[in-house]
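Notes for the structure review
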Amino acid sequence: MSGASVHVLVLPGGSYATHAERSSEPIVDWLASIGVSASVFRYPLMTRHPGPLLAIRAEIRSRRAAGVDTVGLMGFSAGGHAAGLAAYAPHGERDEVPDFVALAYPVVSMELGSHGTSRINLLGEDADAALRVATSLDRLVSPGAPPSFFWHTVGDTVVPVEHAYLLGSALARSGVPHEAHIFERGNHALGLARDAGPASAWTALCRSWLRSYEWAP
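Our subject in this report is the structure included herewith. Fair warning: this is a prediction, and the values are worked out from it, not measured in the lab.

Here is what the cut-offs are and how they apply
- Residues numbered from 1 in each chain as written.
- Predicted model: local features only at pLDDT ≥ 70, side-chain atom pairs only at ≥ 80, totals over all residues.
- Heavy atoms only, no water.
- Core = buried A, V, L, I, M, F, W, Y, C linked by side-chain atoms within 4.5 Å.
- Buried < 20%, exposed > 50% of the residue type's maximum accessible area, 1.4 Å probe, protein only.
- Helix = DSSP H or I, 4+ residues; strand = E, 2+ residues; numbered from the N terminus.
- Contact = heavy atoms within 4.5 Å.
- Expected span 1.5 Å × (residues − 1).
- Arc of directions from axis to C-beta.

**Points about the nonpolar core**
Core analysis: the largest hydrophobic core is formed by 39 residues, its most contacted members being Leu-11, Ile-56, Leu-73, Tyr-88 and Leu-167. If you list the elements that add at least two residues to this core, you get strand 1 (6–11), helix 2 (51–65), strand 3 (70–76), helix 3 (78–88), strand 4 (100–104), helix 4 (116–123), helix 6 (137–140) and helix 7 (162–174). Setting aside residues up to four positions removed in sequence, Leu-11 forms contacts with Phe-41, Tyr-43, Ile-56, Leu-73, Met-74, Gly-75, Phe-76, Gly-79, Ala-82 and Ala-83. Core analysis: the next-biggest nonpolar cluster, separate from the first, contains 30 residues, Val-10, Val-28, Leu-31 and Met-74 among them.

**Let's talk about helix 7**
The end-to-end C-alpha separation of helix 7 is 19 Å, in line with the 18 Å expected for 13 residues at 1.5 Å each. Turning to helix 7, its buried residues number three or more, namely His-163, Ala-164, Leu-167, Gly-168, Ala-170, Leu-171 and Ser-174. The buried residues of helix 7 occupy one face: seen down the axis, they fall within an arc of 165°. Looking at the buried residues of helix 7, the elements they touch are helix 3, strand 4, helix 6, strand 5 (148–153) and strand 6 (178–183). Once helix 7 ends, the next one or two residues include Gly-175, with phi positive near 70°.

Below, the structure is given as structure tokens:
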């Protein structure tokens, strides 16, 4: 991979209703500081599935058409769910599936009762069981999924850590290369998590993971 171009699309959190500032440009700036090209992708809001997924796939295709060799996604909260859909959902063409994903406190399951805001904004209040299954990341992971990095905190009361455990179990069952970090302290939407105690280590851990694949210098 040495010499190949890498670009990361940053997908902010915000419950599919807004794009949270702390998981937008500050993340791009951090990636630039470690030598990784990145930009914020503001996926459609208050738009029913599969609108956001199709928009992300189109952006990945566009980046590849522009000559980017490796396209990664870094998603936060609802943006983590959107990134996970692009990585794990079926029927994606080869040029529109990311090469890797890094997810921070992601919304994983649309079946759990927790954090219904993202589910309602993406699927509607009347989403049936089949649609909720079809948009739950843990139900979509398959052996061909891209390498994945994710982190969460036990103290998260908005998107409970159970979401992360569901994703980790699914990745393990399918034999997908992945790295996971669960920190005891810290609530939701930490972003870079500076001054957030042990969770602040996630950026160094993520950089090491990226470097192990030669996606970061």
